[in-house]
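The residues making up each chain are set out below.
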Amino acid sequence: TSHSHSHEHSRKADLTSERLGIKNFVYTAQRPFKESRLLSDVIDHWPIPMKATLDLDDFQNSNRQLGGAPASVEMDLQTMSPFGSVLRSKGWVSLDRFPDRDVFWSHAGCHFGLELAPEWKRDSESEARDAVTGDADNKKPPQELVFIGIDMDEDAIRGALDDCLMSDFEMEKALKNKERAAASAISEANIARGPLRYEVGDNVEAYTEHGWTRGQVVALNYREDDWDVDRVAPYQIMLDDSTLIFAPLDDDRVVRKAL
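Just so we're clear, the structure is a prediction, and the values are computed from it rather than from any experiment. (Residues numbered from 1 in each chain as written. Predicted model: local features only at pLDDT ≥ 70, side-chain atom pairs only at ≥ 80, totals over all residues. Heavy atoms only, no water.)

Enquirer: Which residues make up unusual backbone geometry, and what are the values?
Expert: Here Asp151, not a glycine, exhibits a phi torsion of approximately 50 degrees, which is positive. Position of Asp151 among the secondary structure elements: in the loop between β7 (143-150) and α5 (154-162). For Asn221, which is not glycine, the phi dihedral falls at a positive 50 degrees. Within the secondary structure layout, Asn221 lies in strand β9 (residues 211-222). (Helix = DSSP H or I, 4+ residues; strand = E, 2+ residues; numbered from the N terminus.)

Enquirer: I'd love a proper account of the nonpolar core, names of residues and values included.
Expert: Tyr27, Phe33, Leu38, Trp105, Phe147 and Leu161 are the most contacted members of the largest nonpolar core, which totals 21 residues. Put simply, the parts of the chain that give this core at least two residues each are β1 (22-29), α2 (35-43), β4 (86-93), β5 (103-108), β7 and α5. Leu196, Ile237, Leu239 and Val255 belong to the second-largest nonpolar core, a separate cluster that totals 11 residues. (Core = buried A, V, L, I, M, F, W, Y, C linked by side-chain atoms within 4.5 Å. Buried < 20%, exposed > 50% of the residue type's maximum accessible area, 1.4 Å probe, protein only.)

Enquirer: Pulling in residues and values, what's your account of the pairing of strand β6 (residues 111-116)?
Expert: Across 6 bridges, the pairing between β5 and β6 is antiparallel. If you follow Ala108 over to β6, its bridge partner there is His111. Once β5 ends, the chain turns through 2 residues before running back antiparallel as β6, passing Gly109 with a positive phi of about 65 degrees. (Pairing = 2+ DSSP bridges.)

Enquirer: Hey, could you go over the packing of aromatic side chains for me, with residue numbers and the actual values?
Expert: On inspection of all chains with the given rule, the structure shows 12 aromatic pairs. Note on Phe25 and Phe147: the rings are 5.3 Å apart at their centroids and 15 degrees apart in plane angle, and the pair reads as stacked. Taken together, the residues Phe25 in strand β1 and Phe147 in strand β7 connect sequence positions 122 residues apart. Summarising the burial analysis for this pair, Phe25 and Phe147 share the class buried. Between Trp46 and Phe83, the ring centres sit 4.8 Å apart and the planes meet at 40 degrees, which makes this aromatic pair tilted. Placement of the pair is Trp46 in the loop between α2 and β2 (63-65) and Phe83 in the loop between α3 (77-80) and β4, with a sequence separation of 37 residues. Across this residue pair, the class does not change: Trp46 and Phe83 are buried. One cation-aromatic arrangement involves Arg256 over Trp212; the distance from NZ or CZ to the ring centre is 3.9 Å. (Phe/Tyr/Trp six-rings, centres within 6.5 Å; stacked < 30°, edge-to-face > 60°. Lys NZ or Arg CZ within 6 Å of the ring centre and 35° of its normal.)

Enquirer: Provide a residue-level description of a negative patch on the surface, including the pertinent values.
Expert: On the surface, a cluster of negative charge is made up of Asp100, Asp225, Asp226, Asp228 and Asp230. By the secondary structure assignment, Asp230 is in the loop between β9 and β10 (233-239). Since its relative accessible area comes to 58%, Asp230 is described here as exposed. (Patch = residues over 30% accessible without salt bridge, like charges linked within 9 Å, V, L, I, M, F, W, Y side chains within 5 Å. Areas by Shrake-Rupley, 256 points an atom, 1.4 Å probe, with all protein chains shown as cover. Salt bridge = Lys/Arg side-chain N within 4 Å of Asp/Glu carboxyl O. Lys, Arg positive; Asp, Glu negative; His and termini not counted. Charge placed at Lys NZ, Arg CZ, Asp CG, Glu CD.)

Enquirer: Quick rundown of the sheet that holds strand β11 (residues 244-247)? Include the residues and the values.
Expert: The 5 strands lie next to each other as β11-β10-β9-β8-β12, forming an open sheet whose pairing is antiparallel. Lying at the two open borders of the sheet, with one neighbouring strand each, are β11 and β12 (255-257). In this sheet, neighbouring strand axes are inclined to one another by 45 degrees on average, regardless of whether the strands run parallel or antiparallel. Pairing of β9 with β10 involves 6 bridges; the strand directions are antiparallel. Bridge assignment links Val217 to a residue of β10, and that residue is Ile237. (Axes fitted to C-alpha atoms, helices over the stretch in contact; angles between N-to-C directions.)

Enquirer: Tell me about the side chain of His107, and name the residues and values.
Expert: Residue placement: His107 occurs in strand β5. When sequence neighbours within four positions are dropped, the list of residues in contact with His107 reads Trp46, Val86, Leu87, Arg88, Ser89 and Phe112. (Contact = heavy atoms within 4.5 Å.)

Enquirer: Account for the pattern of salt bridges, with residues named and values stated.
Expert: For the structure shown, the criterion picks out 11 salt bridges. For the salt bridge of Lys34 with Asp96, the shortest nitrogen-to-oxygen distance reads 3.2 Å. Of this pair, Lys34 sits in the loop between β1 and α2 while Asp96 sits in the loop between β4 and β5; the two residues are 62 residues apart in sequence, bridging distant segments of the chain. Given the relative accessible area of 23%, Lys34 is considered partly exposed. With its nearest N and O atoms 2.8 Å apart, the salt bridge here joins Asp250 to Arg197. Of this pair, Asp250 sits in the loop between β11 and β12 while Arg197 is found in the loop between α6 (168-193) and β8 (203-208), placing the two residues 53 residues apart along the sequence. Among the charged side chains, a network of salt bridges with common partners joins Arg197, Asp250 and Asp252.

Here it is, written out as structure tokens:
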């Protein structure tokens, strides 16, 4: 029957994969890659076959000629790089140079690429996950890569990628640079806007969805972590019901002195 026929095909496919030693695994990490280290230590040494068609038998031969190398130069791919046995890999990564953008990792045969995702991608995917889970903190890791290959040394591949992740020192330095950029943006915004009309502790009224609502200024030059570095709200206000809001403009149409 067609049912048994499909099972037969499935068994044959499984046996073929098992015979060739084809396996897969997923690599994930929470912190971004240091781009310069990823390129110099992994990508530049990746023995990607320089041929139009990928032949599985090539990967069962321990000695292969590298594309572009003289015919007399043959190297053991497994010895040179643990990535030599990878047939295909793809997924999303995060690089230190683009902390707020996803980067698409795509490798198949002789082709490898890192492509910057559109700016809307991260936000749209996050919103979709939040809608399904109801959890705004449910975020995928910055690195999520699927590797498929023959007799891969998974530990060696994971170790090589882990070595390219940003160190604690690099993460701290990047955070300080971001904070300096934010402080500079606040300073420029203050110069362009002029002095604020209210101080912390002043009683004000903020225009909300419920109309004018009393509150008190609790912070100046308010920012949220996921805002662009040049976005600053002049005031954070605690309403009389203890709700915290921010005023996007220092303008009587948005916030005014309490009557």
